[in-house]
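Coordinate inspection notes
Chain residues, written in single-letter form:
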Amino acid sequence: ISRGIFTVVDGLFHPEKTAAVEEAAKWLVLSRGLQPYPAYDFQGRLSDAELAGNLAASPNSGYIGAALEAGIILPEDFEGGLTAESVVSRELFALWAVRAMGYSAIVRMPNRIAMPFKDQAAIGSRYANAVALLHGLGVIAGDSESSFEPQRGITRAEAAQILFHVLTQARVW
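The text that follows walks through the structure, step by step, so that each part is easy to find. Nothing here was measured: the structure is a model prediction, and the numbers come from that model. (Residues numbered from 1 in each chain as written. Predicted model: local features only at pLDDT ≥ 70, side-chain atom pairs only at ≥ 80, totals over all residues. Heavy atoms only, no water.)

1. Here we look at the overall build of the chain
This is how it is decided: Counting from the N terminus, the helices are DSSP H or I runs at least four residues long and the strands are E runs at least two residues long. Taken over C-alpha atoms, the radius of gyration is set against a globule rule of 2.2 Å times the number of residues to the power 0.38. Summary of the burial criterion: residues with accessible area below 20% of their type's maximum are buried, those above 50% are exposed, and those between are partly exposed, where the area comes from a 1.4 Å probe applied to protein chains only. Only four residue types enter the tally: Lys and Arg on the positive side, Asp and Glu on the negative side, with His and both chain ends excluded. Where a charge lies is defined by one atom per residue type: Lys uses NZ, Arg uses CZ, Asp uses CG and Glu uses CD.
Of the regular secondary structure elements, the chain holds 8 helices and 0 strands. Each helix and strand of the chain, ordered N terminal to C terminal, gives the series α-α-α-α-α-α-α-α. Here the C-alpha radius of gyration of the chain, 16 Å, is about what a compact globule of 173 residues would show, namely 16 Å. Over its C-alpha atoms, taken along the principal directions, the chain stretches across nearly 40 × 40 × 30 Å. Across the 173 residues of the chain, 46% fall into the buried class. Charged side chains of the chain number 14 positive and 18 negative; the gap between the two group centres comes to 9 Å.

Here it is as structure tokens:
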């Protein structure tokens, strides 16, 4: 909050509230010390005109554009109907955070990193390395039943925990 990454509503953080794409993009861009990209050409860079219009109309479009420009978010991440208002799943936020930390190459490697989660088979293959890496770095853990719940929406509290590591990783470079 003191760095301007998160905002409070009525003086409250609302840790249980799930995050939308437009919020997550803003948090990741600010965590990396990047600036919004207000002139991002969504129409020219995304093949789906309806999606491009949706992202351009977002109040956080500059942050979404900056995340796309930096490679934190990729156009293929929107396949399946994701929009600016869509809730971000835990596995997708893990992927974006790992990209923001500069580990995109690890994400693209074959999935061979073991995870202790009971529901690890439910983690999509394109997200598995990101989730495993964040777990290996001690950034994320399973719930009391050793489940990760990859498709559940990420909460503001969970995002804040991960973003702390994005911030500290960015300083090491």
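So that's the structure; there's more coming.
2. Points about unusual backbone geometry
One non-glycine residue with positive phi stands out, namely His14, at about 55 degrees. Secondary-structure assignment places His14 in the segment before α1 (21-31). For Ser146, which is not glycine, the phi dihedral falls at a positive 60 degrees. By secondary structure assignment, the location of Ser146 is in the loop between α7 (125-136) and α8 (156-172). What makes Ser146 partly exposed here is its relative accessible area of 33%.

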